[in-house]
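# Summary of structural features
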Amino acid sequence: MPYNPALVAPMREEMTRMGIQELTTAAAVDAALGDQRGTMLVFVNSVCGCAAGNARPALRLALEHGVKPQQLATVFAGQDLEATARARQFFSDYQPSSPSMALLRDGEVVHFVHRHQIEGRSPQSIAADLTAAFDRHFGAAV
Amino acid sequence: MSHVFHPGHHALHGITVVLETHGAETFLGRFDSEDEGGVHLLDVGVHEQGGGVSKEEYIRRSAKFGIRVDRKHLVVPKDAVAQIMPLGELGG
């Protein structure tokens, strides 16, 4: 059951303040991810403070890096159920977890960050892994 | 600013762990709590020794592709627990 929208509003705003496009419907997901070209990061947001509380600031830090995805989108697991389920169909080789992050190039997942790779780590440490993945997979595109 | 929702819980609360038992089963799942009944895991993948895939390969694949959930909630009796390690510390 979704949390009270007022409770999760700050978590949504933390993403949109970074300029990340929030996808709240399956149609919005299809528009953003269907026939996707270039480089993209999709952040599966979560209310869980254990992991998402560090993943959001980690992403903010990583986006300060010189190499980064051309497109940024987010869905909110446990909140926007339809949109999250649809987004996960685009990275169906990976089991669902939240928070998590998928890096895509031309519609193909090139890197996936699972919840277990976020838990218990500092934003700086998570961001370091993310920027390394940006360099590895997106370096030539920027 | 980040938002923490789980104050006052077990140190492993919310962490995805590998729970090895003294028997043939290994469980991967999110540590929830521990009480008299044992260790409570959520969204649990189950590996049984002697199946097609070795325990090591099962853990490696789960670390890379995520955990396929076999059980939503599982309680492992304390005396069955041999070791609990965060999955993220095992090369995930």
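Placed above this text is the structure.
Residues numbered from 1 in each chain as written. Chains lettered and ligands numbered in written order. Predicted model: local features only at pLDDT ≥ 70, side-chain atom pairs only at ≥ 80, totals over all residues. Heavy atoms only, no water.

Here we come to the interface of chain A and chain B. Each partner contributes residues to the interface: chain A has 21 residues there, and chain B has 21 residues. Each partner contributes to the roughly 1600 Å² buried at the junction of chain A and chain B, and carbon and sulfur atoms together form 58% of this total. Scanning the region where chain A abuts chain B turns up zero salt bridges. Across the contact surface, chain A and chain B share six residue pairs in polar contact (both at pLDDT 80 or more). If you list the elements that add at least two residues to the side of chain A that touches chain B, you get helix H1 (5-16) and helix H3 (52-62) of chain A. The class makeup of the residues in the side of chain A that touches chain B is nine nonpolar, seven polar and five charged. (Contact = heavy atoms within 4.5 Å. Buried area = accessible area lost by both parts, 1.4 Å probe. Salt bridge = Lys/Arg side-chain N within 4 Å of Asp/Glu carboxyl O. Polar contact = N/O pair within 3.5 Å; in protein donor to acceptor, adjacent residues only side chain to side chain. Helix = DSSP H or I, 4+ residues; strand = E, 2+ residues; numbered from the N terminus. Nonpolar A, V, L, I, M, F, W, Y, C, P; charged D, E, K, R; others polar.)

All names here are of chain A. Counting buried positions along strand S4 (residues 100-105) gives five out of six residues, so the element sits mostly inside the fold. Two strands pair when backbone bridges link them, and strand S2 (residues 39-45) and S4 are joined in this way by six bridges, in the antiparallel orientation. Residue pairing for S4: Leu41 is matched across the bridge by Leu103. Here S4 runs beside strand S5 (residues 108-113); their pairing, made up of five bridges, is antiparallel. Paired with Leu103 across the two strands is His111, which belongs to S5. The antiparallel hairpin formed by S4 and S5 contains two residues in its connecting segment, where Asp106 sits at a positive phi of about 50°. (Buried < 20%, exposed > 50% of the residue type's maximum accessible area, 1.4 Å probe, protein only. Pairing = 2+ DSSP bridges.)

Turning to the sheet that holds S4(A), a few remarks are in order. The pairing of strands in a sheet happens through backbone hydrogen bonds and is either parallel or antiparallel. Residues and elements named next belong to chain A. Spatial strand order, S1-S3-S2-S4-S5: five strands in an open sheet with mixed pairing. The open sheet has two edge strands, strand S1 (21-22) and S5, and neither has a second partner. Pairing analysis gives two bridges linking S1 to strand S3 (residues 71-76), with the strands arranged parallel. Among the inter-strand pairings, Gln21 is bridged to a residue of S3, identified as Ala73.

Right, let's talk about the sheet that holds strand S3 (residues 38-48) of chain B for a bit. All names here are of chain B. The strand order S4-S3-S2-S1-S5 describes an open sheet built from five strands, whose pairing is antiparallel. Because the sheet does not close on itself, it has two edges, and the strands there are strand S4 (71-76) and strand S5 (81-86). The mean inter-strand angle of the sheet, taken between neighbouring strand axes irrespective of direction, is 40°. In this sheet, S5 lies alongside strand S1 (residues 16-21) in antiparallel orientation, the contact comprising five bridges. Looking at the pairing, Thr21 lines up with Val81 of S5. (Axes fitted to C-alpha atoms, helices over the stretch in contact; angles between N-to-C directions.)

With that settled, the discussion passes to unusual backbone geometry. Residue and element names in this part refer to chain A. Between Ser98 and the following residue, Pro99, the backbone shows a cis peptide bond with an omega angle of 0°. Counting through the fold element by element, Pro99 comes out in the loop between helix H4 (81-89) and S4. Phi is positive for Asp35, which is not a glycine, with a value near 55°. For Asp35, the position within the fold is in the loop between helix H2 (26-33) and S2. A positive phi angle, near 50°, is found at Asp106, a position not held by glycine. By the secondary structure assignment, Asp106 is in the loop between S4 and S5. Among the residues examined, Asp106 registers a relative accessible area of 40% and is labelled partly exposed.

Glancing now at the packing of H2(A) against H4(A). Residues and elements named next belong to chain A. Interhelical geometry of H2 versus H4 gives an angle of 30° and a closest axis separation of 8 Å. Two packed elements cross with a definite hand, and for H2 against H4 that hand is right-handed. Seen from H2, the contacting residues are Ala26, Val29, Asp30 and Leu33; seen from H4, they are Glu82, Ala83, Arg86 and Ala87. Classifying every residue of the contact of H2 with H4 gives five nonpolar, no polar and three charged. (Left-handed = near helix turned anticlockwise from the far one by under 90°.)

For the rest of this paragraph, the subject is the side chain of Asn45(A). All names here are of chain A. Relative to the elements of secondary structure, Asn45 occurs in strand S2. On the basis of relative accessibility, which here comes to 1%, the residue Asn45 falls in the buried class. Looking at Asn45, its side chain comes within polar contact range of the side chain of Arg56, at 2.9 Å. Residues within four places of Asn45 in sequence aside, it is in contact with Met11, Arg12, Met15, Ala52, Arg56, Thr74, Val75, Phe76, Ala77 and Ser98.

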